[in-house]
Amino acid sequence: MISVRRVQKVYPNGVTALRDVDLEIAKGEFVFLVGPSGAGKTTLLRLLFREEVPTSGAVIVNGHDVGRMRPRQIPYLRRQIGVVFQDFRLLPQRNVQENIAFALRVIEVHPREIKRRVAQVLELVGLSDRGFALPAQLSGGEQQRVALARAMVGRPVMLLADEPTGNLDPQNAEDMMRIMLEINRLGTTVVMATHAAHLVDRARQRVVAMADGAIQRDELAASYHVEVTR
Amino acid sequence: MRLRTWAFCLNEANQNLLRNPVLAIASITTTAVSLLVLGVFLMLSVNVNAIATSVESQVAVRAFFAKNVSPSQEASELQTVRGWSEVRTAALVTKEQALAQLKQQFGNQAKVLDSLGSANPLEDSLSVTAQKPQDVKDVATRLADLSGVVHTTYQSAVVSRLFALINDVRIVGLAIGVLLLIGSLLVITNAIRLGMAARRREIGIMRLVGATESLVHWPFILEGLILGGIGAIAASGLAYWSYVAAYHSAVRSLPFLPLVSPSPIARDIALLLLVLGILLGAVGFRISVRRLARI
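Residues numbered from 1 in each chain as written. Chains lettered and ligands numbered in written order. Predicted model: local features only at pLDDT ≥ 70, side-chain atom pairs only at ≥ 80, totals over all residues. Heavy atoms only, no water.

A. Inspection of the overall build of chain A at higher detail. From N to C terminus, chain A includes seven helices and 10 strands. Its C-alpha atoms give chain A a radius of gyration of 18 Å, near enough to 17 Å, the size a compact globule of 230 residues would have. Along the three orthogonal principal directions, the C-alpha set of chain A runs to about 50 × 45 × 35 Å. For chain A, the residues scored as buried account for 54% of the 230 residues in total. (Helix = DSSP H or I, 4+ residues; strand = E, 2+ residues; numbered from the N terminus. Rg over C-alpha atoms; globule rule 2.2 N^0.38 Å. Buried < 20%, exposed > 50% of the residue type's maximum accessible area, 1.4 Å probe, protein only.)

B. Structural context of the overall build of chain B. Counting secondary structure elements, chain B contains nine helices and four strands. In chain B, the order of α-helices and β-strands from amino to carboxyl end is α-α-β-α-β-α-β-α-β-α-α-α-α. Compactness check: chain B gives a C-alpha radius of gyration of 31 Å against a globular reference of 19 Å for 295 residues, more than 25% above the reference. Taken along the three principal axes of its C-alpha coordinates, chain B extends 100 × 40 × 30 Å. Looking at chain B as a whole, 39% of its 295 residues qualify as buried. Taking as baseline every contact in chain B between residues at least 6 positions apart, the subset at least 24 positions apart corresponds to 85%. Split by element, the accessible area of chain B, about 15500 Å² in all, is 64% carbon and sulfur. Between the averaged position of the 26 positive side-chain charges in chain B and that of its 17 negative side-chain charges there is a distance of 17 Å. (Contact = heavy atoms within 4.5 Å. Areas by Shrake-Rupley, 256 points an atom, 1.4 Å probe, with all protein chains shown as cover. Lys, Arg positive; Asp, Glu negative; His and termini not counted. Charge placed at Lys NZ, Arg CZ, Asp CG, Glu CD.)

C. Just the domain arrangement of chain B, in detail. Each assigned domain of chain B is listed here: domain 1 (3-54 + 160-294) and domain 2 (60-154). Each of domain 1 of chain B and domain 2 of chain B was reduced to a C-alpha centroid, and the two centroids are 53 Å apart. (Domains from an automatic or database assignment.)

D. The arrangement of the nonpolar core in detail. Among the nonpolar cores identified, the biggest contains 91 residues, and F32, I100, V106, L148, L159 and M180 of chain A together with M206 of chain B are the most heavily contacted of them. If one sorts the elements of this core by residue count, helix α8 (residues 213-253) of chain B sits on top with 11 residues. Setting aside residues no more than four positions away along its own chain, L148 of chain A makes contact with V84, V125, L159, M176, I179, M180 and I183 of chain A. One finds I25, V31, M158 and V208 of chain A within the second-largest nonpolar core, a separate group that totals 31 residues. (Core = buried A, V, L, I, M, F, W, Y, C linked by side-chain atoms within 4.5 Å.)

E. Seen up close, the interface of chain B and chain A. Residue-level contacts link 19 residues of chain B with 23 residues of chain A. Buried area between chain B and chain A, both sides added, is near 1800 Å², and the carbon and sulfur share of it is 60%. By the criterion of area lost to chain A, the three top residues of chain B are I205, L208 and V209 of chain B, representing 32% of everything that side buries. Where chain B meets chain A, there are two salt bridges. Its salt-bridge partner being E202 of chain B, residue R94 of chain A comes within 2.8 Å of it at the nearest N-O pair. Inspection of the region where chain B meets chain A yields seven residue pairs in polar contact (both at pLDDT 80 or more). Those elements giving two or more residues to the side of chain B that touches chain A turn out to be α1 (3-19) and α7 (200-208) of chain B. Among the residues making up the side of chain B that touches chain A, the classes are represented as eight nonpolar, four polar and seven charged. (Buried area = accessible area lost by both parts, 1.4 Å probe. Salt bridge = Lys/Arg side-chain N within 4 Å of Asp/Glu carboxyl O. Polar contact = N/O pair within 3.5 Å; in protein donor to acceptor, adjacent residues only side chain to side chain. Nonpolar A, V, L, I, M, F, W, Y, C, P; charged D, E, K, R; others polar.)

F. Region of interest: the packing of aromatic side chains. Residue and element names in this part refer to chain A. If you walk through the whole model with that rule in mind, you get four aromatic pairs over all chains. Consider the rings of F49 and F85, whose centres lie 6.3 Å apart with planes at 70°: the pair is edge-to-face. With a gap of 36 residues between them, F49 in the loop between α1 (41-48) and β4 (56-61) and F85 in the loop between β6 (81-84) and α3 (96-105) connect regions that are remote in the sequence. An identical accessibility class is assigned to F49 and F85; each is buried. It is R89 that lies over the ring of F85; its NZ or CZ is 3.7 Å from the centre. (Phe/Tyr/Trp six-rings, centres within 6.5 Å; stacked < 30°, edge-to-face > 60°. Lys NZ or Arg CZ within 6 Å of the ring centre and 35° of its normal.)

G. Structural context of the pairing of strand β3 (residues 30-34) of chain A. Among the five residues in β3 of chain A, five count as buried, and that is most of the element. Because side chains alternate across β3 of chain A, one face comprises the buried residues F30, F32 and V34 of chain A, and the other comprises V31 and L33 of chain A, equally buried.

H. Structural detail: the sheet that holds strand β8 (residues 189-193) of chain A. All names here are of chain A. Overall, mixed pairing links the six strands, which are arranged β6-β7-β8-β3-β9-β10 in an open sheet. The open sheet terminates on both sides in strands that have one partner only, identified here as β6 and β10 (214-219). Each strand of the sheet is rotated relative to its neighbour by a mean of 15°, with strand direction disregarded. Across four bridges, the pairing between β3 and β8 is parallel. Its bridge partner being in β8, F30 is matched across the sheet by V190. Set on the sheet, helix α5 (residues 140-152) makes contact with β6 and β7 (158-162); between it and β6 the angle comes to about 165°. (Pairing = 2+ DSSP bridges. Axes fitted to C-alpha atoms, helices over the stretch in contact; angles between N-to-C directions.)

I. Fine view of a positive patch on the surface. Residues and elements named next belong to chain B. On the surface, R200, R286, R290, R291 and R294 cluster together to form a positively charged patch. Broken down by element, the positive patch gets its largest block of residues, four residues, from helix α9 (residues 262-294). Examined against the element boundaries, R294 turns out to sit in helix α9. Its relative accessible area of 65% is what places R294 among the exposed residues. (Patch = residues over 30% accessible without salt bridge, like charges linked within 9 Å, V, L, I, M, F, W, Y side chains within 5 Å.)

J. Local environment of the packing of α5 of chain A against helix α6 (residues 170-185) of chain A. Residues and elements named next belong to chain A. Look at α5 against α6: their axes get within 9 Å of each other, and the N-to-C directions meet at 15°. Viewed along their axes, α5 and α6 adopt a mutual orientation that is roughly parallel. In this structure, the crossing between α5 and α6 has a hand that is right-handed. Each of G141, Q144, R145, L148 and M152 in α5 lies in contact with α6, whose residues at this interface are N172, D175, M176, I179, M180 and I183. Here the residues of the contact of α5 with α6 sort into six nonpolar, three polar and two charged. (Parallel < 35°, antiparallel > 145°, perpendicular 65-115°, else oblique. Left-handed = near helix turned anticlockwise from the far one by under 90°.)

K. Broad picture of the packing of α3 of chain A against α5 of chain A. All names here are of chain A. Interaxial distance between α3 and α5 falls to 8 Å at its minimum, and their mutual angle equals 30°. For the element pair α3 / α5, the angle class is roughly parallel. Judged by the sense of rotation from one axis to the other, the crossing of α3 with α5 is right-handed. Together, V96, N99, I100 and A103 of α3 and V146, A149 and R150 of α5 make up the contact between the two elements. Within the contact of α3 with α5, the residues separate by chemical class into five nonpolar, one polar and one charged.

Have a look at this one:
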């Protein structure tokens, strides 16, 4: 599903964000990206949905070499990828349903199909009764679930989340985590960058720990910190 | 794109316009005014040109006979000249008639001519007008070659000065029009750019969920076309209507002026303005599009 091969990323200002990163993620996996701020987690995620291109090396997503992709192919790559950010990024003047439907309208899905899928995905995130609320009328946790619904409504094969619980209180963060694990259980590959150690520890999924632009640790069914053998 | 996608783009464009109505109105009015100025200058230029052309074709070439030429020879030369294909009218002006005309032109100062007494220093001449203005010079040359003709004159200076004036007017008008067009282009560009800034978040999300770049662009293209188009429709309608109105009132009060009938020209100018206005909108988008890439 995802294959990152000897990837280096140097930004124009000279900062090296990734050094020689190798990473393989199979279809259906759930992967936590952990590590301190500036470790390169966000850059790695941005490479996966072609918001950035690698300085050297190759990023293969779903069979496409993302770095060498022609610009007009990018939209079609992104239709296979759902993305959630720390700061929700909802459209304030549109209600919940419209925010989610927006993602399908701009890829020209039939209105009847949009209606059906919006209802489905609202149920998935537990907001079926808030369809007509504006983002400002929702709690942070609800707003992030709307963003998650928008990311999932296009039925992507993979979900990328960049600190999705960073702005949420513990209860909402746990709800969010539960929904993301459910999404993964239904077959979507999930890559989640996070600082929320307790969520990582509880989930017992694959953990890729980064520091200073390089991968330090890559373990299955792991926790946030290096585990001392008990 | 599908029809409902066009509707989506149009709706987005409309929201951009409604978000900043003052700027939209400013764009539309500057476009309308600049196009209108351009149109008015075009119309003036076309008409002044027509008037000048008709004035030039009415310019008479005078061929003066030597004193010793007999009236019968003058009459036969007149017949010859009338046979030329480029000649429209030809008439013999005797020196007596010429003196009478001169007195008339002098008006109440005609007394100065009394000092001539019975002597008439003038000569018999042929007064010839050409079919076409560009024939005037040829006619003058051929007249000069006639036997008995000592010299010829025509008012080329007046005509060339008139044409120079028209040219100046045309250049000034065009320059003002072009400057105004640049001004309205800047206003339109600014309106589109503000729309882009206001829709920054939307554009980000559209790209994130896999909207094609053309779908990202079209709302702004439409915005430009709407701004330029409404201005152009106003300008071309106003130009057309005012030309027809001005033409009819001018024909009534100044029937001798050879004005250009509105039937093809007003429509052509109105169409030209319409096309220019729409082009302004398109170019306005083209200028702003680089900003869009950076969002």
